[in-house]
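# A structural walkthrough
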Amino acid sequence: MLMKNSSSSSRVQGPAAVRLLWRHLTETLVWVFNVSPVGLLSQVTAAPQQLQESVPADMLTCDICGEEVLLVEDMKTHLLLSHLENDVHCPLCSLSGVSYNELFFHISSAHPEKQLATQGTTDLTVTGVTESQGPQTSQSCSAEDGCDQAGSAAPTGASAVTTDSVRPKQNSTPERGCSSSPEGTGPIAYTATSQSPETRPESVRHREDNTAGFESENNKAKQKRLSSPRKEKLFSCPMCALVCSSCFVLQEHVELHLEEQHSAEGAAVEEWSPAMTSPSASSVSAAGSPGSDLRLATQLQQEEEQRRRREEAQQEREEFKKLQRQFGLDGRGGYRRQMERTMERAVARGHMAPAEFHCKRAEMMESLASGVDDGRTRTQGVVRALYEYYQTDCRDVAHVWLSANTDHYCSSAGDKGWGCGYRNFQMLISCLHGIDTYLPSLQEMAVPSIPRVQSMIEEAWRGGLDPQGASHFNQQLQGTRAWIGATEIYSLLTSLGIRRNDAAEQLARIIDFHQPTGPRDTHPQLFDWVKQYFCQPSRSSRLPPRLIQTSLPPLYLQHQGHSRSVVGLEQKKNGTLCLLVLDPGSPASDTRKLLSRDTVSPAVRHLRKFPSSLKHKQYQVVAVQGVLTAEEKQRSILNSRTLCAERIP
């Protein structure tokens, strides 16, 4: 627009051109500098005096770092760049690492007398606002440097300073005027203008129109940045209004409070500490004396240790009770009590008539009194049925070895879940009854009942056998549901004067296959050992027959949680070995299928145990190989004080 008017004025000549040029120059000065030509001339005339008066008598000093600047705008820039955007620290003590808001509250609360002493005619302070506003910058101007008196006019050419008052807890915008803040509670912003009295109202409005959008955007961005809410957890000081974002900073701040107090006040705070329950009160009481932190930490550590010990003791008691229930040592009664409860539940459900209940209970009491098993779970002729089966079938089998005739005893309602060891011993005794070598040792004793077997083990313990096992069961098995294993079977055989397979050379030995010896956690050496047991050494050079029934008793095979009896061994044409096992957990109905030609073939499949079927980590074997003399029996009793197992491998 200026170039266009200038171009048109170049075509005018004479005084008219001078007047037109003066008019365009006036418009340009008003539009560009926002001043009139008269005001411009008056400012140029009074420029030296104005420059001299604009320089303040005292320099502005930063209360945070002590730097001195000339203008208020420079001080604001210094505060923004040097302190708002960097790490601030207290100029009166060693506190650092806090926000602008926290630093103001710290100075106003911890150093009130020093803050008042440093205030002067020109004062620059750090002002903290409420948590909803965030940190702000407040600057106060003295009466000599500003136009802070209502109704007074600035001299010609002098610079006028306007102040804007911002009240706390409000998102305010600056109001331009020539009046000081009445409250002085909020930050004060400054706007410097250089106007003459004649053109001041018009120029102010003109500048406000041009810069309103720019200043509003800057103020909004700055206010948003300074008043953004804190996301971290805040800790309030219990002695002042300071809010810290770190508990360590709060502790240092509280220590500064306590340093300025008397020792009597610190002792009083320490006395009140037991009654305080809040985290802030605990921190104050902890800082009351030098040794309070150590005592508190020691007390907390002792309480934590006691709590941990109580939890461990409770867990051990619960695990011990579980083991007692698992192994039948929880005092719930033995064979008799379990049988009675089972029949009572059957009567309550209508599965058994009351008359039948009393009849079976009388038979049970008679069997327990005699000590002989009633034979309700017994299946005779099992090995004989296997021998007949292998004579006609199983063409893929190269060799078969069978033990002597053995009866199968399965678990009943009175020992279900815990009587496998007793039932395997009954199978072994039923086989020994058919071998003349062992009849003197058995003294024509019939197959004992489970309570009778328990009493026999207790008698063996009283005779000095296996004192460690006796202490484990507290010298008592009768009336309990305690499990028994290979060591209890060993004690029984020794007390009866029967030689085990380990008594030929070394006494008190148990064959222990303590770890897998084949791929996929199998035990091929166990199968080889069983084959050596059934294959007795022969001087004949002839090949062994395909089917052999030996005069050897079955093997007692024990693993974790269960035991079974090995009554034979198969060897396939490809060399694979397979055990024939009688399980006390199999019901009598399944075992009796071996006695029928129509069901014997599928029933034999349940007896076969290949290496892939025995994958427990540990197996123990007990076998019988003769009768002990009195001297050997006494030596076995002495050696049983420390049982030693022959580990394979």
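That block above? That's the structure.
In this text, all values refer to a predicted model and were calculated from it rather than measured experimentally.

### Brief notes about the environment of Tyr490
Within the fold, Tyr490 resides in helix α20 (residues 486-495). Residue classification places Tyr490 among the buried residues on the basis of a relative accessible area of 1%. Considering only alpha carbons, one finds Tyr490 and Asp466, 24 residues apart in sequence, at a separation of 9.0 Å.

### With respect to a nonpolar patch on the surface
Judged by side-chain polarity, Met59, Leu70 and Leu71 come together as a nonpolar surface patch covering roughly 240 Å² of accessible area. The residue Met59 is located in the loop between α4 (47-54) and β1 (60-61) in this model.

### Structural notes on the environment of Glu488
One can find Glu488 in helix α20. In the structure, Glu488 is positioned 27 residues away from Trp461 in sequence and 9.4 Å away in space, judged by C-alpha atoms. Not counting residues up to four positions away in its chain, the partners in contact with Glu488 are Ile457, Trp461, Asp466 and Phe473. A distance of 3.2 Å separates a polar atom in the side chain of Glu488 from a polar atom in the side chain of Thr487.

### Structural notes on the packing of helix α13 (residues 335-348) against helix α14 (residues 354-370)
Contact geometry of α13 with α14 gives a least axis separation of 11 Å together with a crossing angle of 170°. In terms of orientation, α13 and α14 fall into the roughly antiparallel class. The residues of α14 that touch α13, namely those facing Tyr335, Arg336, Met339, Glu340, Met343, Glu344 and Val347, are Phe357, Lys360, Arg361, Met364, Met365 and Leu368. Class assignment for the residues of the contact of α13 with α14 results in eight nonpolar, no polar and five charged.

### Notes on the pairing of strand β17 (residues 555-559)
With five of five residues buried, β17 lies mostly within the body of the structure. Here β17 shows a buried face lined by Leu555, Leu557 and His559 and a second buried face lined by Tyr556 and Gln558. Pairing analysis gives five bridges linking β17 to strand β18 (residues 562-572), with the strands arranged antiparallel. The residue of β18 that forms the bridge with Leu557 is Arg564. Two elements, β17 and strand β21 (residues 619-622), share four bridges in a ladder whose sense is antiparallel.

Thresholds, definitions, all that
- Residues numbered from 1 in each chain as written.
- Predicted model: local features only at pLDDT ≥ 70, side-chain atom pairs only at ≥ 80, totals over all residues.
- Heavy atoms only, no water.
- Helix = DSSP H or I, 4+ residues; strand = E, 2+ residues; numbered from the N terminus.
- Buried < 20%, exposed > 50% of the residue type's maximum accessible area, 1.4 Å probe, protein only.
- Patch = residues over 30% accessible without salt bridge, like charges linked within 9 Å, V, L, I, M, F, W, Y side chains within 5 Å.
- Areas by Shrake-Rupley, 256 points an atom, 1.4 Å probe, with all protein chains shown as cover.
- Salt bridge = Lys/Arg side-chain N within 4 Å of Asp/Glu carboxyl O.
- Contact = heavy atoms within 4.5 Å.
- Polar contact = N/O pair within 3.5 Å; in protein donor to acceptor, adjacent residues only side chain to side chain.
- Axes fitted to C-alpha atoms, helices over the stretch in contact; angles between N-to-C directions.
- Parallel < 35°, antiparallel > 145°, perpendicular 65-115°, else oblique.
- Nonpolar A, V, L, I, M, F, W, Y, C, P; charged D, E, K, R; others polar.
- Pairing = 2+ DSSP bridges.

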